[in-house]
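Letter by letter, the chains look like this.
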Amino acid sequence: MFIWTARLRKKKTFLAVVLIAALVILLVILGGFLHKSAENGVGRLDTEESRADYLKDLGWEISPDPVATLQLQLPDPLTADYVAYNKLQKGQGFDLEDLKGRQVTRYTYTVLNYPGHPDGVQVNLYLCEGIPAAGDIIVTGADGFQAGLTFPE
C-alpha cells in the first residue's frame with residue numbers, strides 16, 4: 001500500500017510540474033506578444049474610428065472610409081520585397097519577421113493633409129489581429145515616394 005501511494009504521488013507531482021511548465025511557457029509567449037503591442041503604445045484597432053484616431057494621433061487627417069481593404073498572408077520566409085519593406089518598418093518600431101506566415105489586413109485611406117501634396121497621397125495601415133503591424137505613406141505621381149508613418153515637419 002505504501003509503495004502504491006508513493007508511486008501515485010510521484011505521478012501526480014510529475015503531472016503538476018509538467019502543467020506548471022506548460023503554463024509558464026504559454027505566459028512567456030503571450031506576454032511577449034502583448035509586450036510588443038504595449039511597446040508601440042497601441043491597443044487593438046478594430047474599428048474605423050480607432051484606426052482614424054491612431055492615424056490622427058500621428059498627425060494625419062484621412063478620409064472617413066478606407067479606399068481599399070485587403071487580407072493577405074505574409075510569406076514565410078519573407079520574400080525580397082518584404083525584406084526591403086521591413087527596413088522601413090523596423091525604423092518605425094515594427095518588424096514583419098515576427099509575423100511571418102500570419103494573416104494581416106491592410107487598410108488604405110486617402111490622406112488629406114500631406115504638406116505640399118493636396119491630393120494623390122494614401123496611407124496603408126497593416127494590422128495583425130487588430131494590432132498595428134506596419135504602415136506607410138504613398139505619394140503618387142511623377143515625384144512620388146514612399147515614407148514611414150511619421151508626419152513630415
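The sections below set out a description of the structure shown in this document. (Residues numbered from 1 in each chain as written. Predicted model: local features only at pLDDT ≥ 70, side-chain atom pairs only at ≥ 80, totals over all residues. Heavy atoms only, no water.)

1. Details of the packing of aromatic side chains
Right, on to step 1. Per the stated rule, a full pass over the model turns up four aromatic pairs.
Right, on to step 2. Taken together, a centroid distance of 5.6 Å and an interplanar angle of 15° make the contact between Trp60 and Tyr114 stacked. On the criterion of sequence distance, the pair formed by Trp60 in the loop between helix H2 (48-57) and strand S1 (68-73) and Tyr114 in the loop between strand S2 (103-110) and strand S3 (121-128) is long-range, its members being 54 residues apart. This pair shows no difference in class: Trp60 is buried, exactly as Tyr114 is.
Right, on to step 3. Chaining the aromatic ring pairs together yields one cluster made of Trp60, Tyr114, Phe145 and Phe151.
Right, on to step 4. Between the NZ or CZ atom of Arg51 and the centre of the ring of Tyr107, over which it lies, the distance is 3.8 Å. (Phe/Tyr/Trp six-rings, centres within 6.5 Å; stacked < 30°, edge-to-face > 60°. Helix = DSSP H or I, 4+ residues; strand = E, 2+ residues; numbered from the N terminus. Buried < 20%, exposed > 50% of the residue type's maximum accessible area, 1.4 Å probe, protein only. Lys NZ or Arg CZ within 6 Å of the ring centre and 35° of its normal.)

2. A word on the nonpolar core
Right, on to step 1. Tyr54, Leu55, Trp60, Val111, Tyr114, Val123 and Ile137 are the most contacted members of the largest nonpolar core, which totals 17 residues.
Right, on to step 2. Breaking this core down by element, the ones donating at least two residues are H2, S2, S3 and strand S4 (131-139).
Right, on to step 3. No other element matches S3, which puts four residues into this core.
Right, on to step 4. Setting aside its immediate chain neighbours within four residues, Trp60 contacts Leu55, Val111, Asn113, Tyr114, Ile137, Leu149, Thr150, Phe151 and Pro152. (Core = buried A, V, L, I, M, F, W, Y, C linked by side-chain atoms within 4.5 Å. Contact = heavy atoms within 4.5 Å.)

3. Concerning helix H3 (residues 80-90)
Right, on to step 1. All of the buried residues in H3 are Tyr85, Asn86 and Gln89. Here the buried residues of H3 occupy an arc of 110° about the axis, which is enough to place them on one side. Looking at H3, the residues exposed on the side facing more than 90 degrees away from the buried face are Ala80 and Lys87.
Right, on to step 2. Against the buried residues of H3 lie S3, S4 and strand S5 (145-147). (Arc of directions from axis to C-beta.)

4. Considering empty space enclosed by the protein
Right, on to step 1. Taken as a whole and assessed by the stated rule, the structure comprises one cavity of 30 Å³ or more.
Right, on to step 2. Quantified by volume, the largest cavity comes out at close to 50 Å³.
Right, on to step 3. As for the largest cavity, its lining consists of Leu72, Leu74, Tyr82, Tyr85, Leu96, Val104, Tyr126 and Ala134.
Right, on to step 4. Its residues placed into classes, the lining of the largest cavity shows eight nonpolar, no polar and no charged. (1 Å grid on protein atoms, 1.4 Å probe; cavity = no way out; pocket = protein on both sides within 12 Å on 5 of 7 lines; lining within 4 Å. Points joined across faces, edges and corners; volume = space filled by probe spheres on them. Nonpolar A, V, L, I, M, F, W, Y, C, P; charged D, E, K, R; others polar.)

5. Topic: the sheet that holds S4
In any sheet, the strands associate via hydrogen bonds between backbone groups, in a parallel or an antiparallel arrangement.
Right, on to step 1. Spatially, the five strands line up as an open sheet ordered S1-S2-S3-S4-S5, and their pairing is antiparallel. Each having just a single partner strand, S1 and S5 make up the two edges of the open sheet. Across the sheet, the mean angle separating the axes of adjacent strands is 20° when strand polarity is ignored.
Right, on to step 2. Both S4 and S5 contribute to a ladder of three bridges, which runs antiparallel. In the sheet register, Val139 faces S5, and the bridge partner there is Phe145.
Right, on to step 3. Across the sheet, H3 lies against S1, S3, S4 and S5, angled at about 95° from S4, the strand it touches most. (Pairing = 2+ DSSP bridges. Axes fitted to C-alpha atoms, helices over the stretch in contact; angles between N-to-C directions.)

6. Quick look at unusual backbone geometry
Comment: phi is negative for the bulk of residues other than glycine, and the bulk of peptide bonds are trans.
Right, on to step 1. A cis geometry characterises the amide bond from Asp76 onward to Pro77, with omega recorded as 5°.
Right, on to step 2. Here Pro77 is to be found in the loop between S1 and H3.
Right, on to step 3. Although it is not a glycine, Glu129 adopts a positive phi angle of roughly 55°.
Right, on to step 4. Note that Glu129 resides in the loop between S3 and S4.

Everything listed here is a matter of geometry and, on its own, says nothing about what the molecule does.
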